[in-house]
Amino acid sequence: NAGVTQTPKFQVLKTGQSMTLQCAQDMNHEYMSWYRQDPGMGLRLIHYSVGAGITDQGEVPNGYNVSRSTTEDFPLRLLSAAPSQTSVYFCASKNPGEGHYEQYFGPGTRLTVT
Amino acid sequence: AQSVTQPDIHITVSEGASLELRCNYSYGATPYLFWYVQSPGQGLQLLLKYFSGDTLVQGIKGFEAEFKRSQSSFNLRKPSVHWSDAAEYFCAVFNFGNEKLTFGTGTRLTIIP
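Summarised in this report is the structure supplied together with it. (Residues numbered from 1 in each chain as written. Chains lettered and ligands numbered in written order. Predicted model: local features only at pLDDT ≥ 70, side-chain atom pairs only at ≥ 80, totals over all residues. Heavy atoms only, no water.)

Some points on the packing of aromatic side chains
Within a pair of aromatic rings, the relevant descriptors are the distance that separates the centres and the angle that separates the planes. Residue and element names in this part refer to chain A. Inspection of the entire model under this criterion finds 15 aromatic pairs over all chains. When the centroid spacing of 5.7 Å and the interplanar angle of 45° are considered together, the rings of Tyr-35 and Phe-105 count as tilted. Of the two residues, Tyr-35 sits in strand β4 (residues 31-38) while Phe-105 sits in strand β10 (residues 104-105), which places them 70 residues apart along the sequence. Of the two residues, Tyr-35 and Phe-105, both sit in the buried class. (Phe/Tyr/Trp six-rings, centres within 6.5 Å; stacked < 30°, edge-to-face > 60°. Helix = DSSP H or I, 4+ residues; strand = E, 2+ residues; numbered from the N terminus. Buried < 20%, exposed > 50% of the residue type's maximum accessible area, 1.4 Å probe, protein only.)

Here it is in structure tokens:
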């Protein structure tokens, strides 16, 4: 199993550009989520999904869109990038419900918006 | 709402010395607690977790953590650190109601020879 994969590893955008961060998992996990990591702030939840066709907002959703058309993929879209979105983005997955609490993290995407 | 506090932003320890990283949580019920480690430029790796039972839990790489309900703490310990332990460490609490994981702000560990 590859686990959770993320592409690209690094990305530089200009203000106002759009892009999609890709996330895929091959563990058949229902629950997937996106976090951003900023210095001194830990990881903050952006959006999450408990299954295909179901998404919800996390702690810091503004400026980001998500969709979940398949169990495997959970892309994160920036429609109009802003310098405040410069961050490291992590995707994670797990199975929801009793007995399934451990989240598995991807390697991250480092995004710089100039 | 749940929260996690890691009061130490940065800790420096000599190689071979013991280590304790502090974590305090706020959660209305019995917490499920985690410690993750992030090496430079890498993703997060689970070190250990506490769900119930024995309050002293063992993890990978020689780490352990002790859950103390009376102090709302879940401190991470290692008796003798190695240079490869230099990394950032995150404590997290799981919320059953919304299936969300809330992280602390992290503690960066530096190891000196």
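A look at unusual backbone geometry
Omega for the bond connecting Thr7(A) with Pro8(A) falls within 30 degrees of zero, at -5°, which places this linkage in the cis form. Tracing the sequence through the fold places Pro8(A) in the loop between β1 (4-7) and β2 (10-13). The backbone of Lys61(B) sits at a positive phi, close to 60°, despite the residue not being glycine.

Details of the nonpolar core
Counting 27 residues, the largest nonpolar core has Leu19(B), Trp35(B), Leu47(B), Leu48(B), Phe74(B), Leu76(B) and Tyr89(B) as its most contacted members. Going through the elements one at a time, β2 (10-14), β3 (19-21), β5 (32-38), β6 (44-50), β8 (64-68), β9 (73-78), β10 (87-95) and β12 (107-112) of chain B are the ones with two or more residues in this core. If one sorts the elements of this core by residue count, β10(B) sits on top with 4 residues. When near neighbours in sequence (up to four residues on either side) are disregarded, Leu76(B) contacts Leu19(B), Glu20(B), Leu21(B), Trp35(B), Leu47(B), Leu48(B), Phe63(B), Glu64(B), Ala65(B) and Tyr89(B). Tyr48(A), Phe90(A), Ala92(A) and Phe34(B) belong to the second-largest nonpolar core, a separate cluster that totals 20 residues. (Core = buried A, V, L, I, M, F, W, Y, C linked by side-chain atoms within 4.5 Å. Contact = heavy atoms within 4.5 Å.)

A closer look at the interface of chain B and chain A
Opposite the 21 residues of chain B that make contact, chain A presents 23 residues. At the boundary of chain B with chain A, total buried surface from both sides reaches about 1600 Å², with 59% on carbon and sulfur atoms. The interface formed by chain B and chain A contains 1 salt bridge. Lys49(B) is paired through a salt bridge with Glu102(A); the nearest N and O atoms lie 3.3 Å apart. Across the contact surface, chain B and chain A share 3 residue pairs in polar contact (both at pLDDT 80 or more). Element by element, the count of residues in the side of chain B that touches chain A is highest for β5(B), at 4 residues. (Buried area = accessible area lost by both parts, 1.4 Å probe. Salt bridge = Lys/Arg side-chain N within 4 Å of Asp/Glu carboxyl O. Polar contact = N/O pair within 3.5 Å; in protein donor to acceptor, adjacent residues only side chain to side chain.)

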